[in-house]
Number of protein chains: 2
Amino acid sequence: MKVSFLGLGVMGYPMAGHLAKAGHEVTVYNRTAAKAEKWATEFGGKAAATPKDAAVGQEIVFACVGNDDDLRSITLGDDGAFAGMSEGALFVDHTTASAEVARELGEAAKALNIGFMDAPVSGGQQGAENGALTVMVGGSQAHFDRAAPVIDAFARACTLMGEVGAGQLTKMVNQICIAGLVEALSEGLSFARAAGLDAHKVVDVISKGAAQSWQMENRYKTMLADEFAHGFAVDWMRKDLSICLAEARKNGSALPITAAVDQLYGEVQSMGGGRWDTSSLFARLEAMRQRGGK
Amino acid sequence: MKVSFLGLGVMGYPMAGHLAKAGHEVTVYNRTAAKAEKWATEFGGKAAATPKDAAVGQEIVFACVGNDDDLRSITLGDDGAFAGMSEGALFVDHTTASAEVARELGEAAKALNIGFMDAPVSGGQQGAENGALTVMVGGSQAHFDRAAPVIDAFARACTLMGEVGAGQLTKMVNQICIAGLVEALSEGLSFARAAGLDAHKVVDVISKGAAQSWQMENRYKTMLADEFAHGFAVDWMRKDLSICLAEARKNGSALPITAAVDQLYGEVQSMGGGRWDTSSLFARLEAMRQRGGK
């Protein structure tokens, strides 16, 4: 199939690569053009100069960029993808963005007879590289049925959650569940150390029961080793949490602990840890404890 | 082996039962004597009138009571178990209590040439009934080696964590990891509902990745069904968290989210939910949301 991919960051670069490896004819666009050239050389596709150029003549246009504003800039306006897309073509957005921008772009696309799906992913850089992402989709059943077999190139699972926006809302639930969980784990590990316990042995015992989590199993060793370069960065998590908190104000749900953990992530940023991974909440606790000389 | 069991609550009753079924000669004591009589009839053991009477002539005396004060009252004083135990006998405490009381009783036992181990459990009422508890032990290797084969009657795993007190400290880490995690899950589920998503479908998708937890897998259905009678009660959790927070003041670790969630559990108690299980943090969020008419 003729497709394009807009945005070749740590996620988009390998995702577009999987599309090429699956036999699709892929045209790419990236704000920093050199990266698009590099991708085209590596995977044998084409690099376009603008999102519009990349979108012309494609059946599906994929995107994965930084935030709502980046997303508007590659879709709308004279150089935007929508200006280049044919009627009946489909835009699939893998950015983690607000449900609001998804609905806004969904409406704009509809007016042009273009299809639109919001399809944020989880699984991180490693999931993107291994083609094992979880994709949460908002859109129509017909659009989903058309895109799912193509998305399959980089997904382990792809699920239609509801109307346009429902993919973003599902991703928000994911981030809400993670934020408080990671801080709870961090507090547990920091307490274990302060109490003089062998924290590895503690996790070995408690990870069989009600305290178990993916984060405990996959992150405790690196946390205890002061390694915080295992994927999703604090700066990105704060962007996501700000979307969650804004949406919660609208839908009337209360997120007291999520809001508090967002502030703790702000303190990690103050420590210079904006590029550390989300488990660095532990580094914050340990830095304070060491300052206290305990 | 001749053993006794002090405290026949929802945990102790089935634990003592497993000891009897494993062929041990069990004498029991309970504050409310009728329950001890019932147990003795059901399992064919003896019921004693005081902890001291229950402890006389036993090789190991097990206990599982409510809190530090209950524990002191069954061990110390004229009617306490220590007064009845022979030199060389061993006291194994399964209560979740402070590390301080464990060390205090460890010293008192030592002065009488009695062995002492703190051995709190996780796995809840169901784990006790199925003989599948996780036991976290503080004590000497020699005492552990003597008691472990007997504890095996009701344990899935039994691990020596360090000196007297280390069992309690390990259990505290477990509770710290759970508190923030359950609130994070509750906020995620409440947000999902408020956002109009199918919360079951959301969990189905996100439980494959970084948001996964034992709590998510084992409690989300009952939470969404407004069922909060699945084990460990809020009143008990607050008792445990108060122990964790007191210990953290001493060892210099910071537990900001654990402390905040302890307060949220206090609000669940205010709602009349002291006997609801720990997942009732979700009921608190939903009650507020419904009051808001959203």
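Here the structure is a predicted model, which is why all the values come from computation and not from measurement.

1. A word on the overall build of chain A
Reasoning step 1: In terms of helices and strands, chain A carries 14 helices and 9 strands.
Reasoning step 2: Against the 2.2 N^0.38 benchmark of 19 Å for 294 residues, chain A shows a C-alpha radius of gyration of 20 Å, consistent with a compact globule.
Reasoning step 3: Once the C-alpha set of chain A is aligned to its principal axes, its extents read approximately 65 × 45 × 35 Å.
Reasoning step 4: Here chain A holds 294 residues, and the buried ones make up 59% of them.
Reasoning step 5: Summarising the internal contacts of chain A: among those between residues at least 6 apart in sequence, 67% fall at separations of at least 24.
Reasoning step 6: Split by element, the accessible area of chain A, about 11100 Å² in all, is 49% carbon and sulfur.
Reasoning step 7: Each charge class in chain A was averaged separately, 27 positive and 34 negative side chains, and the resulting centres sit 5 Å apart.

2. Points about the domain arrangement of chain A
All names here are of chain A.
Reasoning step 1: Domain annotation for chain A reports domain 1 (2–163) and domain 2 (169–290).
Reasoning step 2: Here domain 1 packs against domain 2, burying approximately 970 Å² in sum over the two surfaces, 62% of which is carbon and sulfur.
Reasoning step 3: By the criterion of area lost to domain 2, the three top residues of domain 1 are T96, A99 and M136, representing 37% of everything that side buries.
Reasoning step 4: For the interface between domain 1 and domain 2, the tally reads 1 salt bridge.
Reasoning step 5: Put simply, E100 and K250 hold a salt bridge, and the shortest N to O gap is 3.0 Å.
Reasoning step 6: If you look at where domain 1 meets domain 2, you find 5 residue pairs in polar contact (both at pLDDT 80 or more).

3. Some thoughts on the interface of chain A and chain B
Note on interface size: it is often stated as the accessible area lost on association of the parts.
Reasoning step 1: Between chain A and chain B, the residue contacts involve 60 residues of the former and 60 residues of the latter.
Reasoning step 2: Roughly 4900 Å² is buried in total at the junction of chain A and chain B, and carbon and sulfur atoms are behind 72% of that figure.
Reasoning step 3: Where chain A packs against chain B, one counts 0 salt bridges.
Reasoning step 4: Across the chain A-chain B interface, the total number found is 13 residue pairs in polar contact (both at pLDDT 80 or more).
Reasoning step 5: For the side of chain A that touches chain B, the secondary-structure elements that each account for two or more residues are strand 8 (133–138), strand 9 (155–162), helix 9 (166–194), helix 10 (199–206), helix 11 (214–224), helix 12 (234–251), helix 13 (256–270) and helix 14 (281–291) of chain A.

4. Observations concerning the packing of aromatic side chains
Reasoning step 1: Under the criterion given, the structure shown has 16 aromatic pairs over all chains.
Reasoning step 2: Judged by centre distance (5.9 Å) and plane angle (5°), the ring pair of A:F91 and A:F116 falls under stacked. In this pair, A:F91 is assigned in strand 5 (residues 90–93) and A:F116 in strand 6 (residues 115–118), connecting sequence segments 25 residues apart.
Reasoning step 3: The exposure class assigned to A:F116 is buried, which follows from its relative accessible area of 4%.
Reasoning step 4: For the pair B:W39 and B:F43, a centre-to-centre distance of 5.0 Å together with 35° between the ring planes defines the contact as tilted. Highlighted residues: B:W39 and B:F43, both in helix 2 (residues 33–43), separated by 4 residues, approximately one helical turn.
Reasoning step 5: Taking the relative accessible area as the measure of exposure, B:W39 reaches 0% and is therefore buried.
Reasoning step 6: Within the aromatic cluster, the residues linked to one another by ring pairs are A:F5, A:F62 and A:F154.

5. Some words on the side chain of A:N174
Reasoning step 1: Inspection of the secondary structure puts A:N174 in helix 9.
Reasoning step 2: Within the local environment of A:N174, its side chain forms a polar contact with the side chain of A:Q175, the two groups lying 3.1 Å apart.
Reasoning step 3: Leave out the neighbours within four places in its chain, and A:N174 touches A:S122, B:I206 and B:A211.

6. Describing the relation of the copies chain A and chain B
Reasoning step 1: Least-squares fitting of chain A to chain B yields an RMSD of 0.0 Å, with the superposition described by an axial translation of 0.0 Å and a rotation of 180°. Both copies of the chain, as the preceding transformation shows, are related through a two-fold rotation axis.
Reasoning step 2: By residue overlap, the copies meet face to face through one surface: 100% of the interface positions of chain A are interface positions in chain B.

7. A short note on the environment of A:A83
Residue and element names in this part refer to chain A.
Reasoning step 1: By secondary structure assignment, the location of A83 is in helix 5 (residues 81–84).
Reasoning step 2: Between the C-alpha atoms of A83 and A55, which are 28 residues apart in sequence, the distance is 8.2 Å.
Reasoning step 3: Setting aside its immediate chain neighbours within four residues, A83 contacts K52, T75, G77 and D78.

8. Examining unusual backbone geometry
Reasoning step 1: A positive phi angle, near 60°, is found at A:D226, a position not held by glycine.
Reasoning step 2: Its location among the elements puts A:D226 in the loop between helix 11 and helix 12.
Reasoning step 3: Phi angles above zero are rare outside glycine, and B:N113 is one such case at about 60°.

9. Observations regarding the environment of B:G209
Reasoning step 1: Along the polypeptide, B:G209 turns up in the loop between helix 10 (199–206) and helix 11 (214–224).
Reasoning step 2: Setting aside anything within four residues of it in sequence, one finds B:G209 in contact with A:R156 and A:W214.

How each quantity is defined
- Residues numbered from 1 in each chain as written.
- Chains lettered and ligands numbered in written order.
- Predicted model: local features only at pLDDT ≥ 70, side-chain atom pairs only at ≥ 80, totals over all residues.
- Heavy atoms only, no water.
- Helix = DSSP H or I, 4+ residues; strand = E, 2+ residues; numbered from the N terminus.
- Rg over C-alpha atoms; globule rule 2.2 N^0.38 Å.
- Buried < 20%, exposed > 50% of the residue type's maximum accessible area, 1.4 Å probe, protein only.
- Contact = heavy atoms within 4.5 Å.
- Areas by Shrake-Rupley, 256 points an atom, 1.4 Å probe, with all protein chains shown as cover.
- Lys, Arg positive; Asp, Glu negative; His and termini not counted.
- Charge placed at Lys NZ, Arg CZ, Asp CG, Glu CD.
- Domains from an automatic or database assignment.
- Buried area = accessible area lost by both parts, 1.4 Å probe.
- Salt bridge = Lys/Arg side-chain N within 4 Å of Asp/Glu carboxyl O.
- Polar contact = N/O pair within 3.5 Å; in protein donor to acceptor, adjacent residues only side chain to side chain.
- Phe/Tyr/Trp six-rings, centres within 6.5 Å; stacked < 30°, edge-to-face > 60°.
- Least-squares fit on C-alpha atoms with pLDDT ≥ 70 in both.

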